[in-house]
Amino acid sequence: MRAESQPSFSAKAVRGQLDRILASPGFARAERMRRFLRFAVEQSLKKHSAPVKEYAVALAVYDKPASFDPRIDPIVRVEASRLRAKLREYYADEGRDDSIVVAIRKGGYSAIFRKRRGAIPSARLSGSEAA
């Protein structure tokens, strides 16, 4: 699914949510995970963006050479699984009241954004940024 078929959030609201996630204790010391999430979000915010590819993540986030072969080196798949788990932990605890959920699509590497049902709107978001 491309970003344009998701709920309409402003790039500012999504980046604000990203900043909250990255500042959380679970992400504060995980530099590569932070780079991965930021890369996925920024790529997904681009209009008409293609899905984020494993090869692109390997080069941009993990500093792999152009000869990187994802069939041989599973780093992106392994780290994507860890990132998904870390995001679930964030939203189960510190982010439980956040109104925007940022996730990494299972089976892919693009970020997806959705409105959190039942969340108490965070005081950190103004009405114009929340939707």
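Now for a quick tour of the structure. (Residues numbered from 1 in each chain as written. Predicted model: local features only at pLDDT ≥ 70, side-chain atom pairs only at ≥ 80, totals over all residues. Heavy atoms only, no water.)

### A short note on the overall build of the protein
Reasoning step 1: In terms of regular secondary structure, the protein is built from 6 helices and 2 strands.
Reasoning step 2: Mapped from its N terminus to its C terminus, the protein presents α and β elements in the order α-α-α-α-α-β-β-α.
Reasoning step 3: Across the 131 residues of the protein, 40% fall into the buried class.
Reasoning step 4: Long-range pairs, those at least 24 residues apart, make up 53% of the contacts in the protein between residues at least 6 apart in sequence.
Reasoning step 5: Accessible area of the protein: about 7,600 Å², with a carbon and sulfur share of 54%. (Helix = DSSP H or I, 4+ residues; strand = E, 2+ residues; numbered from the N terminus. Buried < 20%, exposed > 50% of the residue type's maximum accessible area, 1.4 Å probe, protein only. Contact = heavy atoms within 4.5 Å. Areas by Shrake-Rupley, 256 points an atom, 1.4 Å probe, with all protein chains shown as cover.)

### Remarks on helix H3 (residues 31-45)
Reasoning step 1: Taking 1.5 Å of rise per residue, the 15 residues of H3 would be expected to cover 21 Å, and the 21 Å separating its terminal C-alpha atoms lies within 8% of that figure.
Reasoning step 2: Where H3 is concerned, the buried positions are Met33, Phe36, Leu37, Phe39, Ala40, Val41 and Ser44.
Reasoning step 3: Residues of H3 that are buried sit in contact with helix H1 (11-23), helix H2 (25-28), helix H4 (54-60), helix H5 (75-92), strand E1 (100-104) and strand E2 (111-115). (Expected span 1.5 Å × (residues − 1).)

### Concerning the side chain of Ser24
Reasoning step 1: Within the element layout of this structure, Ser24 appears in the loop between H1 and H2.
Reasoning step 2: Ser24 sits in the buried class, given a relative accessible area of 1%.
Reasoning step 3: Residue contacts for Ser24: discarding those within four places in its chain leaves Tyr90 and Glu94.

### Description of the packing of H3 against H5
Reasoning step 1: Interhelical geometry of H3 versus H5 gives an angle of 90° and a closest axis separation of 10 Å. One way to sum up the angle between H3 and H5 is to call them roughly perpendicular. For the pair formed by H3 and H5, the contact residues are Met33, Phe36 and Leu37 on the first element and Val76, Glu79, Ala80, Arg82, Leu83, Lys86 and Leu87 on the second.
Reasoning step 2: Broken down by class, the residue content of the contact of H3 with H5 amounts to 7 nonpolar, no polar and 3 charged. (Axes fitted to C-alpha atoms, helices over the stretch in contact; angles between N-to-C directions. Parallel < 35°, antiparallel > 145°, perpendicular 65-115°, else oblique. Nonpolar A, V, L, I, M, F, W, Y, C, P; charged D, E, K, R; others polar.)

### Side note on the packing of H1 against H3
Reasoning step 1: One can describe the packing of H1 onto H3 by two numbers: an axis separation of 11 Å at closest approach and a directional angle of 175°. Considering their axes alone, H1 and H3 lie roughly antiparallel with respect to each other. On H3, the residues that touch Ala11, Val14, Arg15, Leu18, Asp19, Ile21, Leu22 and Ala23 of H1 are Arg34, Leu37, Arg38, Val41, Glu42 and Leu45.
Reasoning step 2: Across the contact of H1 with H3, the residue classes tally to 9 nonpolar, no polar and 5 charged.

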